[in-house]
Amino acid sequence: MLKVKKAKNAGFCFGVRRAIEIAEKTLKEKDKVYTLGPIIHNPQEVKRLEKRGIKTLESVSRIKDGCVILRTHGIPLELHEKLEKNGNINVIDSTCPFVKRAQDVVRKLSSDKATKDSTIVVVGEKAHPEVVALVSYGNKKCIVIETSEEAKAFKDNKNLNIVSQTTQTSENFNNIVNILSKKYKISVYNTICKATLDRQQSAEKLARDVDLMIVIGGKNSGNTTRLAQICSCKTKTYHIETFKDLKKNWFERIFTIGLTAGASTPDWVIKDVELKIKEFGEKLQN
Ligand code: SF4
């Protein structure tokens, strides 16, 4: 009999739930509703919203009028300002307050008298939309460091102010801070959000106790990918997007399965996975 245990903190976080509520409300009230890039990093939930009428665009050039919802992990400052100036476009900001807090920290560091001559180090993934947006608030004073190796190779002649992408692991952030602290005068601003920390800690705890971990969420979701990385250090782990990715043979000779999901994974996707695992369990028993 397969026993399924779910992580204490899994699935939608406050910021994602808030963005979906904003999108649903806007859809009810307005006609032309767009997002720039996916509103959250979950292809299944984005598709559900698209079926209800939201259009996901990669660039503003095709938007003449209507509402543009800004995604949870923010957009670059210049683009935001450009949209606000366009009188035909109604900008609805669903950027998560924790992401905004990180943007405010970067903006303040880059302009305050005491810190404006220092370098701002953003610990995060260079190409991730949140990091691209964060850097845009830094008045060309940011550099992005992704790994310990990059931190070791980094060279600068200024003091460093270190901030984080909200969904980084504490481990990667602390390792990079430790490396840089040996060579530079540093100030640390830990902007990892609590929802991320809670999900990472619950996933790690559960992964220690089970034979197999299933991590559910978008392959484009940074926080889901990091949950899978954390779990795979403790036990056999698969990162899936939906129940269709599950394979029956994964569950042969397995007794306890742990389930977790990224902050952008909706409940209905998680429920479908639970049902499919139950179905496999019953088939393997017979
Ligand atoms: S993971 Fe954290 S920062 Fe990102 S949307 Fe959720 S609460 Fe906000």
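Just so it is clear, the model here is predicted, and its values are computed rather than measured. (Residues numbered from 1 in each chain as written. Predicted model: local features only at pLDDT ≥ 70, side-chain atom pairs only at ≥ 80, totals over all residues. Heavy atoms only, no water.)

### Comments concerning the domain arrangement of the protein chain
Move 1: For the protein chain, the assigned domains are domain 1 (3-11 + 196-285), domain 2 (14-96) and domain 3 (98-192).
Move 2: Distance between the C-alpha centres of domain 1 and domain 2: 29 Å.
Move 3: Here domain 1 and domain 2 share an interface that buries about 850 Å² over both sides, 51% of which is from carbon and sulfur atoms.
Move 4: A per-residue breakdown of the area domain 1 buries against domain 2 is headed by Asn-220, Ser-264 and Trp-268, which together make up 49% of the total.
Move 5: Between the two partners, domain 1 and domain 2, sit zero salt bridges.
Move 6: The class makeup of the residues in the side of domain 1 that touches domain 2 is four nonpolar, seven polar and one charged. (Domains from an automatic or database assignment. Buried area = accessible area lost by both parts, 1.4 Å probe. Salt bridge = Lys/Arg side-chain N within 4 Å of Asp/Glu carboxyl O. Nonpolar A, V, L, I, M, F, W, Y, C, P; charged D, E, K, R; others polar.)

### Points about the site of the ligand
Move 1: Around the ligand sit Cys-13, Gly-15, His-73, Cys-96, Phe-98, Val-99, Thr-166, Cys-193, Ala-195, Thr-196 and Ala-263, and that is every residue in its neighbourhood.
Move 2: Among the detected pockets, the ligand sits in the second largest pocket.
Move 3: Among the secondary structure elements, those contributing two or more residues to the shell around the ligand are α4 (97-111) and α8 (194-207).
Move 4: When its residues are assigned to classes, the shell around the ligand shows seven nonpolar, four polar and no charged.
Move 5: Each of domain 2 (14-96) and domain 3 (98-192) gives at least three residues to the shell around the ligand. (Near = heavy atom within 4 Å. 1 Å grid on protein atoms, 1.4 Å probe; cavity = no way out; pocket = protein on both sides within 12 Å on 5 of 7 lines; lining within 4 Å. Sits in = over half its atoms within 2 Å of the grid points. Helix = DSSP H or I, 4+ residues; strand = E, 2+ residues; numbered from the N terminus.)

### Description of the packing of aromatic side chains
Move 1: With the rule as written, the count across this model stands at five aromatic pairs.
Move 2: Seen from their ring centres, Phe-154 and Tyr-184 are 5.8 Å apart, and the 50° between their planes marks the pair as tilted. Of this pair, Phe-154 sits in the loop between α6 (148-153) and β8 (160-164) while Tyr-184 sits in the loop between α7 (170-181) and β9 (186-189), and the two are 30 residues apart along the sequence.
Move 3: For Phe-154, a relative accessible area of 12% corresponds to the buried category.
Move 4: Relative to Phe-251, the ring of Trp-250 lies with its centre 6.4 Å away and its plane at 50°, an arrangement referred to as tilted. Per residue, the accessibility class of Trp-250 equals that of Phe-251, and both read buried. (Phe/Tyr/Trp six-rings, centres within 6.5 Å; stacked < 30°, edge-to-face > 60°. Buried < 20%, exposed > 50% of the residue type's maximum accessible area, 1.4 Å probe, protein only.)

### Observations concerning the side chain of Arg-226
Move 1: Checked against the element boundaries, Arg-226 lands in helix α9 (residues 222-232).
Move 2: Overall, Arg-226 belongs to the buried group, its relative accessible area being 7%.
Move 3: What Arg-226 contacts, discounting residues up to four positions off in sequence, is Glu-125, Gln-165, Thr-167, Gln-168, Thr-169 and Gln-200. (Contact = heavy atoms within 4.5 Å.)

### Brief notes about the pairing of β9
Move 1: The sheet contact formed by β8 and β9 spans four bridges and is parallel. The partner of Asn-161 across the bridge, within β9, is Ser-187.
Move 2: Note on the crossover from β8 through α7 to β9: the handedness is right-handed. (Pairing = 2+ DSSP bridges. Right-handed = clockwise from strand over helix to strand, strands pointing away.)

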